Amino acid sequence: MAKALEGVKVLDMTHVQSGPSSTQLLAWLGADVIKLETPGRGDITRGQLRDLPEVDSLYFTMLNCNKRSITLNMKAPEGKEVFEKLIGDVDVLVENFGPGVVERFGYPWEKLQALNDKLIYASIKGFGPGRYADFKAYEVIAQAMGGSMSTTGFEEGPPLATGAQIGDSGTGIHLVAAILAALYQRTNTGRGQRVQVAMQDAVLNLCRVKLRDQQRLTHGPLGEYPNEQFGDEVPRSGNASGGGQPGWAVRCAPGGPNDYIYVIIQPVGWAPLTELIGRPELAEDPAWNTPEVRLSKLDKAFALIEEWTEKHTKWEVMDKLNAHNIPCGPILSTKEIIEDETLAELGTVVEVEHPERGSFKTVGNPLKLSDSVVEVQRPPLLGEHNDEVLGALGYSADRLAGLRAAGVI
């Protein structure tokens with residue numbers, strides 16, 4: 001069966017997480033993603049956070065499935081010759097270097113466009129043009145400057161980073177959307193274009209509800225927040241949902257670090273909740289029976305629910321609440337997720353064989369297309385496809401041997 005992006009060629013100059021997460025999604029959707037790496041070393045994550053000696057780390061393998069790898073010395077004249085041939089042959093170039101790096105290689109957008117006027121040149125940077133443009137960014141820096149950290153945590157505690165990689169992988173997903181839009185526009189215009197996503201912008205896009213609440217503050221306190229006092233900034237509000245339907249994480253048996261379940265109180269769910277917790281009289285009590293009157297005492301409402309949940313496991317609570325169509329979700333540990341049979345059956349977590357490190361588990365493709373089924377394939381070894389990719393560009397075996405001897409590939 002043909003894949004959605006079959007026939008699209010991507011030259012992947014990305015490294016670490018934000019860029020590789022983006023190009024891996026493109027590869028899963030069927031694009032031919034050619035990862036360009038430094039000879040002898042490759043993507044720095046091949047050697048970072050290793051759990052096994054002398055093999056590619058999980059950091060690398062979990063972000064680079066379904067790709068091909070070539071090595072190329074971009075500083076050598078012959079390396080630049082190869083690069084320019086590659087540029088003429090691909091549809092998309094993706095990079096996430098620091099500001100100005102590609103330009104210092106000698107390839108500003110204008111030159112790339114002259115080499116291939118159909119090229120889509122996509123970049124991830126920490127920040128957009130302006131005051132922060134030349135600053136370096138990492139995952140948590142993007143969270144810090146995009147509105148996430150100031151609104152994550154409990155009121156009396158410090159700002160907290162979220163475990164979800166919204167700065168890196170979150171930006172990568174945004175870049176996929178932009179690349180797909182540019183590819184579609186090219187079908188009408190015949191031209192490529194420059195595509196850029198800033199990590200700060202992507203994080204802010206994911207934090208828009210907090211920007212919503214910043215403006216609502218000008219009209220008074222935020223009633224759905226558990227905070228007692230409000231200043232002129234959106235406060236940290238613990239596990240409150242911050243939305244129209246209040247929620248909280250309540251403790252379950254036997255009381256371990258992840259023995260919690262997140263419960264949402266919808267208006268229609270209040271009556272069955274009161275039955276379950278053994279307080280049916282609260283369903284009709286005018287002090288409790290509407291969302292408006294419950295709003296000022298949500299802490300007490302969730303305390304009552306917790307008195308019941310502490311007597312049951314989170315799985316038992318999940319079954320009992322779902323039987324009454326009450327929204328809830330047990331807090332799943334990473335161990336529970338990686339061992340979850342349902343997630344394995346769905347392909348959400350997959351096992352991949354690797355020639356050097358053996359099998360490992362990774363995330364599957366979250367984008368499900370009925371006519372573009374994804375099989376997650378192992379990531380490439382460093383330079384594994386040099387002969388294959390460069391041979392297709394017209395390089396003979398003798399020429400490849402010469403490039404290899406000169407350290408160009």
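In every chain, residue numbers begin from 1 and rise along the written sequence. With the structure being a predicted model, the display of local features is reserved for residues of pLDDT at least 70 and the display and counting of side-chain atom pairs for 80 or more, all residues being used for whole-chain, interface and lining totals. Heavy atoms from the whole structure form the basis of all side-chain values; hydrogens and water molecules are not counted.

With an unreviewed UniProt entry as reference, the chain is termed Formyl-CoA:oxalate CoA-transferase, source organism Lentzea waywayandensis. For the chain, the Pathway (unreviewed entry) comment in UniProt is given as "Metabolic intermediate degradation; oxalate degradation; CO(2) and formate from oxalate: step 1/2." UniProt positions are given in the numbering used here, feature names are shortened, and annotations may be inferred rather than shown by experiment.

A. Inspection of the sheet that holds strand β1 (residues 9-12) at higher detail. Pairing within the open sheet is parallel, and its six strands lie in the order β3-β2-β1-β4-β5-β6. Strands with a single pairing partner mark the edges of an open sheet, and in this sheet they are β3 (68-71) and β6 (194-198). This sheet shows a mean twist of 20 degrees between the axes of neighbouring strands, independent of strand direction. The sheet contact formed by β1 and strand β2 (residues 32-37) spans four bridges and is parallel. Directly across from Asp 12, in β2, lies its bridge partner Lys 35. Along the sheet, helix α7 (residues 169-189) makes contact with β4 (92-95), β5 (120-125) and β6, crossing β6 at roughly 160 degrees. On the sheet, helix α8 (residues 199-206) packs against β5 and β6 and is oriented at approximately 65 degrees with respect to β6. Note on pairing: two strands pair once DSSP finds at least 2 bridges between them. The helix and strand labels rest on DSSP assignments: H or I over at least four residues marks a helix, E over at least two residues marks a strand, and numbering proceeds from the N terminus. Here the axes come from fitting lines to C-alpha atoms, over the contacting stretch only for helices, and the angles between their N-to-C directions go from 0 to 180 degrees. By the convention used here, residues are in contact when the closest approach between their heavy atoms is within 4.5 Å.

B. A look at the environment of Met 149. Within the fold, Met 149 resides in the loop between α6 (139-145) and α7. Spatially, the C-alpha atom of Met 149 lies 5.1 Å from that of Pro 159, the residues being ten residues apart in sequence. Contacts of Met 149, omitting those with residues within four sequence positions, involve Val 140, Gln 143, Ala 144, Pro 159, Leu 160, Ala 161 and Arg 236.

C. Highlighting the packing of aromatic side chains. Aromatic pairing here means that ring centres of Phe, Tyr or Trp (its six-membered ring) are within 6.5 Å. Orientation follows from the plane angle: under 30 degrees is stacked, over 60 is edge-to-face, and everything else is tilted. Considering all chains together, one arrives at nine aromatic pairs under this definition. Here Phe 127 and Phe 135 contribute two aromatic rings whose centre-to-centre distance is 6.5 Å and whose plane-to-plane angle is 85 degrees, an arrangement assigned as edge-to-face. Think of it in three bands: residues with accessible area under 20% of the maximum for their type are buried, residues over 50% are exposed, and the middle band is partly exposed, with areas taken using a 1.4 Å probe on protein chains only. Here Phe 127 falls in the buried class, since its relative accessible area comes to 5%. Classification of Phe 135 by relative accessible area gives partly exposed; the value is 42%. Aromatic side chains Trp 270 and Trp 288 sit 6.0 Å apart centroid to centroid with 10 degrees between the ring planes, which places their arrangement in the stacked category. One end of the pair, Trp 270, is in helix α10 (residues 270-276); the other, Trp 288, is in the loop between α10 and α11 (291-294), with 18 residues separating them in the sequence. Both residues of the pair, Trp 270 and Trp 288, belong to the buried class. Feature note: the residues Phe 127, Tyr 132 and Phe 135 constitute an aromatic cluster, connected by ring pairs. Lysine and arginine charges are scored as sitting over a ring when NZ or CZ, respectively, is within 6 Å of the ring centre and within 35 degrees of the ring normal. Note that Arg 194 overlies the ring of Tyr 121, its terminal NZ or CZ placed 3.8 Å from the centroid.

D. Fine view of a negative patch on the surface. Residues qualify for a patch when their relative accessible area is over 30% and they have no salt bridge, like charges being joined within 9 Å and the nonpolar side chains of Val, Leu, Ile, Met, Phe, Trp and Tyr within 5 Å. Here the open area of atoms and residues is found with the Shrake-Rupley method and a 1.4 Å probe, where only the protein chains shown may cover a residue. Here, a salt bridge means any side-chain nitrogen of Lys or Arg that lies within 4 Å of a carboxyl oxygen of Asp or Glu. Positive: Lys, Arg. Negative: Asp, Glu. His and the chain ends are not part of the count. By convention, the point assigned to a charge is CZ for Arg, NZ for Lys, CD for Glu and CG for Asp. A surface patch of like charges, here negative, comprises Glu 155, Glu 156, Glu 228 and Asp 299. In this fold, Glu 228 is placed in the loop between α9 (208-216) and β7 (247-251). Look at Glu 228 and you get exposed, because its relative accessible area is 78%.

E. Looking closely at the nonpolar core. Take the buried residues of types Ala, Val, Leu, Ile, Met, Phe, Trp, Tyr and Cys, join any two whose side-chain atoms come within 4.5 Å, and each joined set is a nonpolar core. Ranked by size, the top nonpolar core spans 33 residues in total, and within it Val 10, Leu 26, Val 92, Leu 175 and Ile 179 carry the most contacts. At the level of secondary structure, the elements contributing two or more residues to this core comprise α1 (18-28), β4, β5, α7, β6, α8 and β10 (349-352). The leading source of residues in this core is α7, at five residues. For Leu 26, the contacting residues outside a window of four places in its chain are Leu 5, Val 10, Ala 31, Val 33, Val 176, Ile 179 and Leu 180.

F. Here's a closer look at unusual backbone geometry. Of note, the bond from Ala 253 into Pro 254 is cis; its omega dihedral lies within 30 degrees of zero at 5 degrees. Unusually for a residue other than glycine, Leu 49 sits at a positive phi of about 55 degrees. Assessed through its relative accessible area of 71%, Leu 49 is described here as exposed. The backbone phi angle of Asn 66 is positive, close to 65 degrees, even though this residue is not glycine. Relative to the elements of secondary structure, Asn 66 occurs in the loop between α2 (58-61) and β3. Among the residues examined, Asn 66 registers a relative accessible area of 15% and is labelled buried.

G. Quick look at the pairing of β1. Note that the unit made of β1, α1 and β2 has a crossover that is right-handed. Note: β1 against β4, three bridges, orientation parallel. Among the inter-strand pairings, Val 10 is bridged to a residue of β4, identified as Val 92. We call a crossover right-handed when, viewed with the strands running away from us, the connection from the first strand over the helix to the second turns clockwise.

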